[in-house]
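Survey of secondary and tertiary structure
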Amino acid sequence: MGGASTSKHDWFEMDVSNKRQKNRLLRYECKAHLIVGIKGDKWAVSHFVAEHTHPLMPQPELVRYYRSHRKIPEEDKDLIMTMHDVNFSTSSCMGMLGRVRGGDRRILPYVKRDVSNFRSKLRQNLNLRDMDFTVQYFERRQAENPQFYYAKTVDKETNSITGLFWVDGRTRALYPKYKDCIFFDTTFCTNRYNMPFAPIVGVNNHLQTVLLGCALLPNEQIETFKWVFQHFLLAMNNEHPLNIMTDQDKAMKTAISEVLPNTVHRCCKWHIQQKAREKLGKIMSRDEVFEQTFYTCINDSDTVDEFEENWQHMIHCFDLVDNRHLCNMWKTRETWAPAFSRKCFFPFTSTTGRSEGLNSYFKTFALLRYRIERQAVGFYTRNVFGKFQAEVTASTGFVMNQVPSPDIGSMRFGLFSNYYEDPKIFTVNVVLAEETFECSCNCFEMNGIICAHIVRVMVHLNVQAIPQRYLLERWSERATTPTGASGHLLHFALPSNNTLKYNSLCRKFTWLASQTRSNDVACKILNDAAHALEPIILAARRGELPEQREAQQQQPDQHQSTTQGGRQQTTRGPTHQQKQPQMQQQQGQKQTNRPTQQQQVATTPVAQDTTENPMLHNPARVPKKGRPTEKSRRRKTLLEQREDAQKKKAKIEEKKKETKPKRKPGPKKKTDFCSYCKEHDHSVQECVLLKATMAVHKCNYCGEDDHAVKNCPYLKAAMSMDANVARATELRL
């Protein structure tokens, strides 16, 4: 022990001032110790001193608060890490550790705060490697399911992840059915790294949102969007989407035009109108007629000519020809105006917000009045049939007139609303021999179901069945069970990863065991079936079943990629590049090499990465764009609050010492004021003007000059007759 501290003496008093001090360690020069050594083959005590120079702790559970005794053993750390991995709370961890130590948590050589600090260090280590763990998880998913696709970009200088893209195996199987309309949006950002999160979604046959791919982007530049769309095509076997809707972004528009030249690109109408409300808010607030005309021109124009005519008429009537924002909207009208996308497939939506109103549950089926409804209810899914039935109900609100048709063998009908709410006339052209129905509203081209006008014409012509060309398979139940490249149906009842497969099989066989435990015959059947399945399962794991060999013969390239495990994408990348020489010529030699390098980086096994790059680092945190938000101040501890209060009090006392105390103001001196002449230098008793007036012997009561008012006989007579007048007169005089 070191030298004795002065704080152990009786005369020493601890400083109780407000200044914060370090904790003092009292030293008593205690010589109590034990020395153990090996003598022969046994341990033996060679020296022992039992006397202590200080009193011992009477309560053993308080010993853990000593600095020399307060530590977490290594075996307890291993147990804490195990409980931390399964999300045990800190209180539960303390209870489990106390039970392991004998049942009482007070005998532990540490406290709850120590366990909480240790878990904080574990979380900090995980936060530093979250991107590395994500890539490792993707590699395990790819090893379990070869159809899983992912790609990444790595900064060579910092070895940090700058971009991620991944697609699930089920999504790749469903994409051929739902590639006719996809949505791409980058309005979401992650909280930690401020990286734009870009989901690629579609619409399934139940009008529900389907996630077709995800990406974490370093920025929103042209090259970044091109990288996303190129890997999206690689994952989807180079099948281009037919229609895509995004927000209004110039970089995204350029990337789509270069990578997806044959895809129809439209912008979200909601973002366009929101931007218009920001730029034209003052004009709309002043003139409600312009606001109504603006939205009517956008939403109620059926044809391109009608929209352009209404737009020009609007800007000239309201004298807005030189408005900058309206001019920019006119230049980009082909990407956002609904009139230009009437014949493009964007089902039941004109925005990128697919989650609004599409998941509403279909309440009940109404009465089926027509045979076409019975045909539709057997073909469409529940949600799509709800849309179709709404069109059937709306068809009863139109009046139909047959008009002359310019073509021989065809009929033309004009329909308008019988409620006289909408004077617009819709035209339906019909060729019964070819079973074609064309409407001017283009509802079928945009949504994939026939409109109310065609339904009204079908009922009038007594058409008993909807032609097959107007029944899209993507809205049917068959769209949920697509076939793979081999032609076999994909079994979506089986989970995609090993953990879910194991859990599903355990539940199923546990139920079978519970059903057969009380019956010997049933138990024997289940046992024999299990023994019979053992060689079949072993053959399936080795790939020796007939259907497996047949699939391998039909797809040798796919079999080669699956045998290489995680290198599946490396073998697929050059194949797709060979199939698409045009895309390589458009992008140039530098851009064609870039996806290949990124793909090789994304598919390199972990064992090879550990030699060169032991760990992938997290991306650098990018500050948020826009107006900075106020940061919440850290809540100060009680000791800091006391120190601040003492500093403030000391400043106040110093100011009091520096400044002299001011004398209290005394009572104000009364100044003389004459109520007769209204002057301040004298009183009414000293007023010269009043004395001069009173010296003039003129009675103010009777008006005579021979006497003053005090000696007026008429006043005295009046005062003697009335006491009130006498009192008032005395006060007045």
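Basis of the calculations
Residues numbered from 1 in each chain as written. Predicted model: local features only at pLDDT ≥ 70, side-chain atom pairs only at ≥ 80, totals over all residues. Heavy atoms only, no water. Pairing = 2+ DSSP bridges. Helix = DSSP H or I, 4+ residues; strand = E, 2+ residues; numbered from the N terminus. Axes fitted to C-alpha atoms, helices over the stretch in contact; angles between N-to-C directions. Contact = heavy atoms within 4.5 Å. Phe/Tyr/Trp six-rings, centres within 6.5 Å; stacked < 30°, edge-to-face > 60°. Buried < 20%, exposed > 50% of the residue type's maximum accessible area, 1.4 Å probe, protein only. Lys NZ or Arg CZ within 6 Å of the ring centre and 35° of its normal. Core = buried A, V, L, I, M, F, W, Y, C linked by side-chain atoms within 4.5 Å. Patch = residues over 30% accessible without salt bridge, like charges linked within 9 Å, V, L, I, M, F, W, Y side chains within 5 Å. Areas by Shrake-Rupley, 256 points an atom, 1.4 Å probe, with all protein chains shown as cover. Salt bridge = Lys/Arg side-chain N within 4 Å of Asp/Glu carboxyl O. Disulfide = S-S within 2.5 Å.

Once that is clear, we can look at the sheet that holds strand 12 (residues 411–417). Here four strands make up an open sheet; going across it, the order is 11-12-13-14 and the pairing antiparallel. At either end of the open sheet lies a strand with only one pairing partner, and these are strand 11 (398–403) and strand 14 (436–439). Each adjacent strand pair in this sheet contributes to an overall mean axis angle of 25 degrees, direction not counted. Seen against the sheet, helix 17 (residues 452–460) touches strand 11, strand 12, strand 13 (426–431) and strand 14 and runs at an angle of roughly 65 degrees to strand 11.

This part covers the packing of aromatic side chains. Going through the model one piece at a time under the given rule, you end up with 24 aromatic pairs. Between the aromatic rings of Phe307 and Trp311, the centroid separation amounts to 5.8 Å while the plane-to-plane angle is 40 degrees, which identifies the pairing as tilted. One end of the pair, Phe307, and the other, Trp311, are both in helix 11 (residues 304–317), four residues apart, so they sit about a helical turn from each other. Comparing Phe307 with Trp311 shows no difference in burial state: the two are buried. Taking the centre distance of 5.0 Å and the plane angle of 75 degrees together, the rings of Phe444 and Tyr470 count as edge-to-face. Of this pair, Phe444 sits in helix 16 (residues 443–447) while Tyr470 sits in the loop between helix 17 and helix 18 (498–516), and the two are 26 residues apart along the sequence. For the pair formed by Phe444 and Tyr470, the shared burial category is buried. An aromatic cluster is built from Phe290, Phe294, Tyr295, Phe307, Trp311, Phe318, Trp330, Trp336 and Phe340, whose rings are joined through pairwise contacts. Arg333 extends its terminal NZ or CZ atom over the ring of Trp330, reaching a point 3.9 Å from the ring centre.

As a further point, take unusual backbone geometry. Although it is not a glycine, Leu207 adopts a positive phi angle of roughly 60 degrees. Examined against the element boundaries, Leu207 turns out to sit in the loop between strand 7 (196–203) and strand 8 (209–216). In this structure Leu207 comes out as buried when scored by relative accessible area, which is 3%.

With 41 residues, the main nonpolar core has Tyr380, Phe388, Ile450, Ile454 and Trp475 as its most contacted residues. Considering each element in turn, this core owes the most residues, five residues, to helix 17. Core analysis: the second largest hydrophobic core is formed by 29 residues, Phe165, Tyr175, Leu233 and Ile256 among them.

On the surface, a nonpolar cluster with roughly 690 Å² of combined accessible area is contributed by Leu34, Val36, Ile38, Trp43, Val45 and Phe48. When residues of the nonpolar patch are traced back to their parent elements, those giving at least two are strand 1 (33–39) and strand 2 (42–49). Mapping Trp43 onto the fold places it in strand 2. On the basis of relative accessibility, which here comes to 64%, the residue Trp43 falls in the exposed class.

Moving on, we come to the environment of Met252. Residue position: Met252 is located in helix 7 (residues 250–259). With 32 residues separating them in the primary sequence, Met252 and Glu220 have C-alpha atoms 7.9 Å apart. Each residue touching Met252, except ones within four places of it in the same chain, is listed here: Phe184, Thr186, Phe225, Thr246 and Asp247.

With respect to burial, strand 7 is a largely interior element, seven of its eight residues being buried. Pairing between strand 5 (residues 182–184) and strand 7: three bridges, direction antiparallel. Among the inter-strand pairings, Phe184 is bridged to a residue of strand 7, identified as Ile200. Sheet topology note: the strand 7/strand 8 ladder contains seven bridges and is antiparallel. Within the sheet, the bridge partner assigned to Phe197 lies in strand 8 and is Leu216. Linking strand 7 back to strand 8 in an antiparallel pair, the connection comprises five residues, with Leu207 at a positive phi of about 60 degrees.

With that settled, the discussion passes to the environment of Ala452. Tracing the chain through its elements places Ala452 in helix 17. Classification of Ala452 by relative accessible area gives buried; the value is 3%. Considering only alpha carbons, one finds Ala452 and Thr396, 56 residues apart in sequence, at a separation of 8.3 Å. Ignoring anything within four residues of it in the chain, the contact list for Ala452 reads Glu391, Ala394, Ser395 and Phe398.

If you check which residues of helix 17 are buried, you get Ala452, His453, Ile454, Val455, Val457 and Met458. Buried residues along helix 17 sit against helix 14 (371–379), helix 15 (382–395), strand 11, strand 12, strand 13 and strand 14. Of the residues flanking the end of helix 17, it is Asn462, one or two places downstream, whose phi is positive at about 60 degrees.

With that out of the way, let us pick up the pairing of strand 14. Taken residue by residue, a regular strand's side chains alternate between the two faces of the sheet. Both strand 13 and strand 14 contribute to a ladder of four bridges, which runs antiparallel. Within strand 14, the position partnered with Val430 by the bridge is Phe437.

Using the criterion set out here, one finds zero disulfides in the structure. The structure places no disulfide on Cys181, whose sulfur is separated from the nearest cysteine sulfur, that of Cys344, by 9.9 Å. According to the relative accessible area criterion, Cys181 is buried, its value standing at 1%.

Considering all chains together, one arrives at 14 salt bridges under this definition. Notably, a salt bridge pairs Arg141 with Asp168, separated by 2.8 Å at the nearest N-O pair. Pair noted here: Arg141 is in helix 4 (residues 130–144) and Asp168 is in the loop between strand 4 (160–167) and helix 5 (169–178), with a separation of 27 residues, a long-range link. For Arg141, a relative accessible area of 10% corresponds to the buried category. A relative accessible area of 22% means that Asp168 is categorised as partly exposed. If you follow the salt bridges from partner to partner, you end up with Glu223, Lys226 and Glu258 in one network.

With that settled, consider the environment of Gly281. Within the element layout of this structure, Gly281 appears in helix 9 (residues 281–286). Using a relative accessible area of 27% as the deciding quantity, one classes Gly281 as partly exposed. For the pair Gly281 and Glu291, spaced 10 residues apart in the sequence, the C-alpha separation amounts to 9.3 Å.

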